[in-house]
Amino acid sequence: MNRKHRTAWGLAMGLVMLVAAPGFVGAADKSVAEGNFTVGSQWWDLSQPEAKYEEYREVPQGTFLRDFSFRQGEKRHLLRLSGANVFKNDQSVAMAYWNGGKVRFDIDYNQIPHNISSTTRTPYAEVSPGVLTLPDTLQATNQSNQSFGTTAQKDARYVATMRDALLNARRIGMGFRTDIARARLRVRPAAGWQYEMKGSRRNRSGTKPYGAPFGFNSAIEIWEPISQSMLDATARLSYQRVKANNGMSLQFTGGVSAFDNKIDKLVWDNPKRLSDTTYATAYSPGDGSVRGQMDLYPDNRSVFGNVALGLTFSTKVALNATGGIAQNTQNDPWLPYSVNTAIAQLDTFPLPGTNTDAKVTITNASLNMAWRVMPDATLNGRYRLYDYKNKTEEHIFDGAVRLDQVWEPFQEISEGVAYKDQTAGVDADWSPNRKVSVAGTVEQVMLDRPDREYKKTKEMVLQGSVHLRPAAGWHMKGRVRHGNREERSGGEFDSTGYLDGSTIIEQPGMKKFDLAPRVRDRYEASMAYSPSEKWSFSVGGTSLKDDYEDSELGLLEEKERTGTIGVEFQPTERLQLMGSLGWLKNETFQASRESGATVALSDTVRWTAELTDETVTWSAGFAWSAPGGKWGLSGLFDANRAPSTYDLANFKNTAVSLPSTEYRRQSATVELRYQLLSSTSLLGEWAWEEYDVNDLSTEEIPLIFPLTGSSNAVFLGDSVLDYRANRVALLLRRTF
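Residues numbered from 1 in each chain as written. Predicted model: local features only at pLDDT ≥ 70, side-chain atom pairs only at ≥ 80, totals over all residues. Heavy atoms only, no water.

Student: Report on the overall build of the protein, specifying residues and quantitative values.
Tutor: Regarding its fold elements, the protein presents 4 helices and 36 strands. Once the C-alpha set of the protein is aligned to its principal axes, its extents read approximately 90 × 65 × 55 Å. A total of 736 residues make up the protein; the buried ones form 34% of that total. Sequence-distant contacts in the protein: of pairs separated by 6 or more residues, those separated by 24 or more amount to 64%. For the protein, the computed accessible surface area is about 39,500 Å², with 57% contributed by carbon and sulfur atoms. Here the protein carries 84 positive and 87 negative side-chain charges, and the mean point of each set is 10 Å from the other. (Helix = DSSP H or I, 4+ residues; strand = E, 2+ residues; numbered from the N terminus. Buried < 20%, exposed > 50% of the residue type's maximum accessible area, 1.4 Å probe, protein only. Contact = heavy atoms within 4.5 Å. Areas by Shrake-Rupley, 256 points an atom, 1.4 Å probe, with all protein chains shown as cover. Lys, Arg positive; Asp, Glu negative; His and termini not counted. Charge placed at Lys NZ, Arg CZ, Asp CG, Glu CD.)

Structure follows, in structure tokens:
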């Protein structure tokens, strides 16, 4: 939807809402209207054209409507309208209508932009949705230049030709936007009965970077065009009855979810060739096919239904049970093995079908029973089942075309993946008095993964928590959680999946972290103190450690620690001060072995990686109002710093650690308010923001790399840029 259409849509919806308002609430005896809006003009300046400044928003330039709110009605009928950043890329509007407790209707619309880059440069052109082409003259020149001379001369000619084409290529913006429309209708036709329908549609359009290699020595970065639609619709009927402290509730739910991808494949030209060719071996330098082709996300559907029953017996026992089933389907047509016309095997080995015809059935069930054993103590038992059964038919493929370059004959069977999760636990809560509350949990988690290296696992989880209120204004909380995951009988580690026949294709000792035996310990503590309305103080922290003590390779250990401090102080009625500090640190320790064309099993090629990610945030603010309340001044300073380190080592002591990275952002905002009239105020805002990056992987990205020797990568050049921004706004806020 372009700007003109968005503006027309916004105006039309606003007019419809305002015109309809009297009709909605006309039945009220005395209808009152109230609301507010904020309108103004804004100017901002950015030192570099960096999309990060508007990554998930649009910062208006010039006149704009920042927000509005309208409410009309009283007694049983009420209409409410609201909106923010109207007619902008991040606009939102909403309407809600109540008719007492009988009917409620809600509708809202939101736009969420994601601006990725404004410095992208590419010689490609999208001639039709999903089809990216290069000038034939560029492909012909590069192909001809590879037909004579030495390797060094060929490389130099390719670099010169591509560099000239890239430097003169057009600039394009990179990013996409998600438009979300939601509606809900709730009706209560009679006592105890309720019917609810709700639905949403998400439309996503735009572009994002996409890696499209033609081989080990030919990496091409292009963009993926996005045009997708996601629909969700749900209907729910429920009944509830309470009589003499005994109650019963029954609920039926059904719905459908659908994903529609309007661009189902991506086709792009190869800058190295204008005519197709192939190779006799699996290795290719990436100059075989004229173009490449990739299947994109398939359309799919899900239909589901479930039923829930709740029973209460006096005030001591409550029982809740749910059960449901869903069926997911996907039936997108297959693409051919390749678009490379020089591969003769495509006629000899046809595809085993025309589509996947995928079918999955999901069964879920849960049972909860709560028992108040004493007035101040409760026991709760629970069980949950999630069973994912794949009913997709197997397909046998006689080979594959690697990156549209060469045919590789081998038999591959496509098999559907199935799994099952079960969780059973008991929770106990006890509050002997107002100052102390304690709770405990015993839980067993069982995972079944018949297609994985660990077929069956179990994890015993123990948890305890306490909440203390030793004196007025004091709150202290603590929680400890311990889990031990291990294999179950019949689910011992199986490394046969790491073999292709008798050939080892992956490290046999590699145990993937999502199923490998693991000991997890988590600690949480917090304290809050608020002796009066004038000030409050809080502090908290967490510590998490995952220890994969049985693993020799893969993720061996992970740690995460956090800490927060917050304070608010109001020395006078007209002055308020606030500040906060946050810290997070994540550390992982990993290991594996260096391998070439064949998998190496000796520890003489063992390597380790210790990675650290840290984030520190802090903020400080104030709010002040002059005597009489006519003038007001507020300000906020916010900053964050995110350093990361990448320490590498190996058996031979030849490993070189990667350069550390750091992302820094800080901003300040000051707002001056003047109460012009009882219902009108003027606002002046000034904001400053600074963003600094130190990261080789995102800064100064070349268009072609390397510049000498065999160039094997062509990039979009979407580097992250340091920037400074200043924003000034003058606003009028009116209340009626």
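Student: Provide a residue-level description of the side chain of Gln228, including the pertinent values.
Tutor: Of note, Gln228 is situated in strand β10 (residues 219–243). Judged by relative accessible area, which is 8%, Gln228 ranks as buried. The contact partners of Gln228, leaving out residues within four places of it in the chain, are Arg202, Asn203, Arg204, Phe259, Asp260, Asn261 and Tyr297.

Student: Go over the nonpolar core, please, and point to the residues and values.
Tutor: With 24 residues, the main nonpolar core has Tyr124, Leu132, Ile222, Leu266 and Trp268 as its most contacted residues. Contributing elements (two or more residues each) for this core: α3 (151–167), β8 (170–187), β10 and β12 (265–269). Among the elements that take part in this core, α3 stands out by supplying 4 residues, more than any other. Leaving out residues up to four positions away in the same chain, Trp268 has contacts with Tyr124, Leu132, Ala212, Phe214, Ile222, Arg291, Gly292, Gln293 and Met294. (Core = buried A, V, L, I, M, F, W, Y, C linked by side-chain atoms within 4.5 Å.)

Student: Go over the pattern of salt bridges with me, naming the residues and quoting the values.
Tutor: Applying the stated criterion across every chain yields a total of 38 salt bridges. Two residues, Asp67 and Arg66, come together in a salt bridge whose shortest N-O distance is 3.6 Å. Given the relative accessible area of 24%, Arg66 is considered partly exposed. Between Arg641 and Glu662 there is a salt bridge, with the nearest N and O atoms lying 2.6 Å from each other. (Salt bridge = Lys/Arg side-chain N within 4 Å of Asp/Glu carboxyl O.)

Student: Describe a negative patch on the surface, with residues and values.
Tutor: Negative charge collects at one region of the surface, where Glu393, Glu394, Glu412, Glu415, Asp451 and Asp500 lie side by side. Here Glu412 lies in strand β19 (residues 406–414). Given a relative accessible area of 42%, Glu412 falls into the partly exposed group. (Patch = residues over 30% accessible without salt bridge, like charges linked within 9 Å, V, L, I, M, F, W, Y side chains within 5 Å.)

Student: How would you summarise the packing of aromatic side chains if you had to cite specific residues and measurements?
Tutor: Tallied over the full model, the rule gives 15 aromatic pairs. Ring centres 5.9 Å apart and planes at 70° place the aromatic pair Tyr53 and Tyr723 in the edge-to-face group. Taken together, the positions of Tyr53 in the loop between β1 (33–46) and β2 (62–72) and Tyr723 in strand β36 (residues 723–735) put the pair 670 residues apart, joining distant regions of the chain. Tyr723 carries the same exposure label as Tyr53, and that label is buried. Aromatic pair Trp334 and Phe397: ring centres 5.5 Å apart, planes at 45°, arrangement tilted. You can see Trp334 sitting in the loop between β15 (317–330) and α4 (345–348) and its partner Phe397 sitting in strand β18 (residues 395–402), a full 63 residues away along the chain. The exposure class assigned to Phe397 is buried, which follows from its relative accessible area of 18%. Connected via pairs of aromatic rings, a cluster forms that spans Trp44, Tyr53, Tyr691 and Tyr723. For the cation-ring pair, Lys272 lies above Tyr158, with the distance from its terminal atom to the ring centre recorded as 5.5 Å. (Phe/Tyr/Trp six-rings, centres within 6.5 Å; stacked < 30°, edge-to-face > 60°. Lys NZ or Arg CZ within 6 Å of the ring centre and 35° of its normal.)

Student: Any details on unusual backbone geometry? Residues and values, ideally.
Tutor: Along the chain, Phe705 connects to Pro706 via a cis peptide bond; the corresponding omega equals -15°. For Asp357, which is not glycine, the phi torsion reads 50° and is therefore positive. Relative to the helices and strands, Asp357 is located in the loop between α4 and β16 (358–374). With a phi angle near 60°, Asn653 is a residue other than glycine that sits in the positive phi range. Mapped onto the secondary structure, Asn653 falls in the loop between β31 (631–650) and β32 (658–677).

Student: Would you mind going over the sheet that holds strand β13 (residues 291–295) in detail, with residue names and values included?
Tutor: Taken together, the 4 strands give an open sheet; going across it, the order is β6-β7-β12-β13, and neighbouring strands pair in mixed fashion. Two strands bound the open sheet, and with one partner strand each, they are β6 (125–128) and β13. For this sheet the average axis-to-axis angle between neighbouring strands, irrespective of direction, equals 25°. Strand direction decides the pairing type here: β12 and β13, joined by 5 bridges, are antiparallel. (Pairing = 2+ DSSP bridges. Axes fitted to C-alpha atoms, helices over the stretch in contact; angles between N-to-C directions.)

Student: Describe the side chain of Glu55, listing the residues and the values that go with them.
Tutor: If you trace the backbone, Glu55 turns up in the loop between β1 and β2. With relative accessibility at 16%, the residue Glu55 sits in the buried group. Here Tyr56 takes part through its side chain, which lies 3.5 Å from a polar atom of the side chain of Glu55. (Polar contact = N/O pair within 3.5 Å; in protein donor to acceptor, adjacent residues only side chain to side chain.)

Student: Account for the pairing of β18, with residues named and values stated.
Tutor: The pairing of β18 with β19 spans 7 bridges and is classified as antiparallel. The residue bridging Ala400 from the neighbouring strand is Glu408, located in β19. From the end of β18 to the start of β19, which pair antiparallel, there are 3 residues, and Leu403 there has a positive phi angle of about 55°.

Student: I'd love a proper account of the packing of helix α2 (residues 136–145) against α3, names of residues and values included.
Tutor: Orientation of α2 relative to α3, taken along the N-to-C sense of each, is 165°, at an axis distance of 9 Å. With respect to α3, the axis of α2 lies roughly antiparallel. In this structure, the crossing between α2 and α3 has a hand that is right-handed. Between α2 and α3, the contacting residues are Leu138, Thr141, Asn142 and Asn145 on the first element and Lys154, Arg157, Tyr158, Thr161, Met162 and Ala165 on the second. Taken together, the residues that form the contact of α2 with α3 break down as 4 nonpolar, 4 polar and 2 charged. (Parallel < 35°, antiparallel > 145°, perpendicular 65-115°, else oblique. Left-handed = near helix turned anticlockwise from the far one by under 90°. Nonpolar A, V, L, I, M, F, W, Y, C, P; charged D, E, K, R; others polar.)

Student: Mind laying out α2, listing which residues take part and the relevant values?
Tutor: Buried residues of α2: Leu138, Gln139, Asn142 and Asn145, and no others. Buried residues of α2 fall within an arc of 135° about the axis and therefore sit on the same side. The elements touched by buried residues of α2 are α3 and β12. (Arc of directions from axis to C-beta.)

Student: Before we move on, can you summarise the pairing of β10 with the specific residues and values?
Tutor: Pairing of strand β9 (residues 193–211) with β10 involves 19 bridges; the strand directions are antiparallel. Within the sheet, the bridge partner assigned to Arg202 lies in β10 and is Met230. Sheet analysis places β10 next to strand β35 (residues 713–714), joined by 2 bridges and oriented parallel. The residue of β35 that forms the bridge with Ile220 is Val714. Across 16 bridges, β10 lies against strand β11 (residues 246–261) in antiparallel orientation. Paired with Asp232 across the strands is Ser257, a residue of β11. If you look at the hairpin formed by β10 and β11, you'll find 2 residues sitting between the two strands, and Ala244 has a positive phi there, around 55°.

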